[in-house]
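# Structural overview for review
Listed here are the chains, written in short residue letters.
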Amino acid sequence: MPLIDYANPRRFQEIARWLIPLAAAAAAILLAVGLSMGWRAPADYQQGEMVKVMYIHVPFAWLSLAAYTLMAVAALGTIVWRHPLADVAGKAAAQVGAVFCFLCLVTGALWGRPTWGTYWDWDPRLTSVLVLFLLYLGVLALWRAFDDPLRAGRAAAILALVGFINVPVVKFSVDWWNSIHQRDSISLGKSAIDPSMLYPLLISAAGFFALFAALHLAAMRNELLRRRARTLRILKAAETE
Amino acid sequence: MSALSAIVMRDVKLALRAGGGAGVGVIFFLALVTLVPFAVGPDMPLLTRIGPAMLWIGALLASLLGLDRIFAADHEDGSLDQLMLSSAPLETIAAAKGLAHWLASGLPLVIVTPVLGLMLGIEPKALLAVSLTLLAGTPGLTFLGLVAAALAAAMPRGGLFSAVLVLPLSIPLLIFGVVSTNAAIAGEGFGAPFRFLCAISLFFLVLGPAAAAMALRHVRD
């Protein structure tokens, strides 16, 4: 089936009807397994029991980046192909991504207090995530600035693209200052984390990805319904005149 | 080329004459720098130390003023439609309007920086460094703001909006501006961060007009 067939909002609603419960069920199972494995995983020799925050904090961090990327891809879809579902997908990604980004910051702060002795530090990675959160808020604010959803979608798409091109520049310049944050622990092919902690992390990350998918699809469905309600209201008002 | 210079001349003239508001940025910059000693106390050594950073913050905020009017004024009186109908590429038109805005609002900030720096007790060498980094950085700020200006033109209420959109993206310019200034004051390694500042500024010089033209085409009705 060519991609254009998915552009039909009605077909999307049909797919979403069974895909949302499926993703939600996968999220529930994977999170139950991953988080309970994480709960029973050994405590870290330096961080003690606080290391368990990692099983939710790290997936939030990964997903806030993934959601931003999804938003940029959707923005391309809006500007280049004028795909009718692309701006809906972009808005949903911005909403869920902003919440995940916020949760990443909050769980990080709660972890940092006992471990580093401070809720916040102006360290490169923390600062980058904070800037990412600001970019999300900018996109969401832009969505609210227009009353016509189509124009709002195109404006938000341009901002998302400009922001996406800038993310590496911001990341690079923020890294210019050095800090106390540890190096990346996971890279392709090798891992500095012991398997007893790595597997729960990967399973709960998969669970959060499924949760994101469910929330994203549900947000898209809600946005489509909201637009439909808006159109019907306008038609009704035009009729009564 | 003649279209470009014609737009630049027109916009600079409009900004400098009555109702243009080109001088407001400089007054705002002066007022901000005047506020700093009230906030931190009239402690000259402290002001000398934080002065370059304060000048950068002040110039950054002042350069956001009037940003939302770059396209909005032309959008309201219809001249933007005439410009878009002309044979000149929209990217060039956007770049010309950005250049005019920088000449009328950005360059004056750089010119008054040494005077304001003296009030904060900044050394001559540091003063030269701040002015130089602002000269390299403010065009980047203006052209980054061009994107927000184009989006604001289509908005019912642009206003402060463009500032909110631009501030997080202006962080790289601020970082390298202040880092290279401090490097110059410490007398070590001014070249590398200053070149990065110029590179980022040039990057926005390219990205800004292209994205602004895209915004004008797609978002306005």
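Preceding this paragraph is the structure being described.
All of these numbers come straight from a predicted model, not from anything done at the bench. (Residues numbered from 1 in each chain as written. Chains lettered and ligands numbered in written order. Predicted model: local features only at pLDDT ≥ 70, side-chain atom pairs only at ≥ 80, totals over all residues.)

### Describing the overall build of chain A
- The secondary structure content of chain A amounts to six helices and two strands.
- Ordered by position in the sequence, the α and β elements of chain A form the string α-α-α-α-α-β-β-α.
- Across the 241 residues in chain A, those meeting the buried criterion constitute 37%.
- Sequence separation of 24 or more characterises 77% of the internal contacts of chain A that already satisfy a separation of 6 or more. (Helix = DSSP H or I, 4+ residues; strand = E, 2+ residues; numbered from the N terminus. Buried ≥ 20, exposed ≤ 12 C-beta atoms within 10 Å, placed from the backbone. Contact = placed C-beta atoms within 7 Å.)

### Details of the interface of chain B and chain A
- Chain B puts 22 residues into the contact, and the matching count from chain A is 21 residues.
- At the level of elements, α7 (124-153), α8 (161-169), α9 (171-186) and α10 (191-219) of chain B are the ones that each hand at least two residues to the side of chain B that touches chain A.
- For the side of chain B that touches chain A, the leading source of residues is α10(B), giving seven residues.
- Tallied by class, residues from the side of chain B that touches chain A come to 20 nonpolar, one polar and one charged. (Nonpolar A, V, L, I, M, F, W, Y, C, P; charged D, E, K, R; others polar.)

### Focus on the packing of helix α3 (residues 44-64) of chain B against helix α6 (residues 90-119) of chain B
Residues and elements named next belong to chain B.
- Taken N-terminus to C-terminus, the directions of α3 and α6 make an angle of 155 degrees; their axes are 11 Å apart at the nearest point. The pairing of α3 with α6 is recorded here as roughly antiparallel in orientation. Where α3 crosses over α6, the handedness of that crossing is right-handed. When α3 is examined against α6, the residues G51, L55, A59, A62 and S63 are found in contact with a partner set consisting of S105, G106, L109, T113, L116 and G117.
- A per-class count over the contact of α3 with α6 returns five nonpolar, six polar and no charged. (Axes fitted to C-alpha atoms, helices over the stretch in contact; angles between N-to-C directions. Parallel < 35°, antiparallel > 145°, perpendicular 65-115°, else oblique. Left-handed = near helix turned anticlockwise from the far one by under 90°.)

### As for the nonpolar core
- Membership of the largest hydrophobic core comes to 135 residues, with the highest contact counts inside it found for A:I158, B:A150, B:L151 and B:A215.
- A total of 17 residues in this core trace back to one element, the largest contributor, which is α7(B).
- Leaving out residues up to four positions away in the same chain, B:A215 has contacts with A:A155, A:I158, B:V147, B:A150 and B:L151. (Core = buried A, V, L, I, M, F, W, Y, C linked by C-beta atoms within 7 Å.)

### Comments concerning the environment of B:L128
- Summarising the element assignment, B:L128 is placed in helix α7.
- Each C-alpha atom of the pair B:L128 and B:P193 lies 16 Å from the other, and the pair is 65 residues apart in sequence.

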